[in-house]
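Remarks on the overall topology
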Amino acid sequence: ARPTPPTAHHGLFALFDSMVLIMGVLLWVSSLADAQRSSLVAAHISGVAAAVAAAVLTAMAYSWFTTGRLSTPMISHALTAALFASASAGMLPTGIAVLAGVLAALCAIPFAYWLKSRSGVRDDGGLYGALLLPSAAGVALTGLFATGQYLTGWAGVGPESYMNQPGLGVTGWLTGGDIGQFTAQAI
């Protein structure tokens, strides 16, 4: 049986909803206190753009491969998932933000299809595939790969110094060698 694209009342409305989400994400990031005194906004915009572009390209390739046409609902679900997966993209290297976008698209489309058709879980709105799993992936990627350039950790860790480095912010386990942020993200 051929996979069916995720349901949407109208593809253009789905894309419009995704665009409204993008504007909301950008407004939220620009309102952060740390964004006012650093280049976090520019880093976040480039990280989100990389994640969204990767998710949209993955969704386009997947929909073309599986259905023989571009599916607006699939693209919209992947775009929305990428926004949730890249919620902390400003703290991630660009390559990891791209990985977050690809993972988000794979969660939003093939995993959501598998969840709906094979596991019996009712997820008609795509909550698990487009929101829950990409959000969890974004949290895990931040805990693993955050660069330490921006923002402070929980309990104000890092505004003066952290791990004997002045101004070090949220640092991932694999990039900074400290499991603390990964543990905080997991909690």
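Criteria and cut-off values
- Residues numbered from 1 in each chain as written.
- Predicted model: local features only at pLDDT ≥ 70, side-chain atom pairs only at ≥ 80, totals over all residues.
- Heavy atoms only, no water.
- Helix = DSSP H or I, 4+ residues; strand = E, 2+ residues; numbered from the N terminus.
- Buried < 20%, exposed > 50% of the residue type's maximum accessible area, 1.4 Å probe, protein only.
- Polar contact = N/O pair within 3.5 Å; in protein donor to acceptor, adjacent residues only side chain to side chain.
- Expected span 1.5 Å × (residues − 1).
- Contact = heavy atoms within 4.5 Å.
- Core = buried A, V, L, I, M, F, W, Y, C linked by side-chain atoms within 4.5 Å.

Structurally, Thr67 can be placed in helix α3 (residues 40-67). The exposure class of Thr67 is buried, given its relative accessible area of 15%. Of note is the side chain of Thr67, whose polar atom sits 2.6 Å from the backbone oxygen of Ser63. Here the side chain of Thr67 touches Arg69 through a polar contact of 3.1 Å, landing on its backbone oxygen.

The end-to-end C-alpha distance of helix α5 (residues 94-117) is 34 Å, a good match for the 34 Å that 24 residues give at a rise of 1.5 Å each. Residues of α5 that are buried: Ile96, Ala97, Ala100, Gly101, Ala104, Ala105, Cys107, Ala108, Ile109, Ala112 and Leu115. In this structure, the buried side of α5 is in contact with α3, α4 (72-85) and α6 (127-145).

Moving on, we come to the nonpolar core. Residues Val48, Val52, Ala78, Leu79, Leu83, Ile109 and Leu141 are the most contacted members of the largest nonpolar core, which totals 26 residues. Elements supplying a minimum of two residues to this core: α1 (11-30), α3, α4, α5 and α6. Considering every element that reaches this core, the biggest residue donor is α4, with 8 residues. Non-local contacts of Leu83, meaning those with residues more than four positions away in its chain, are made with Ser18, Leu21, Ile22, Val25, Val48 and Val52.

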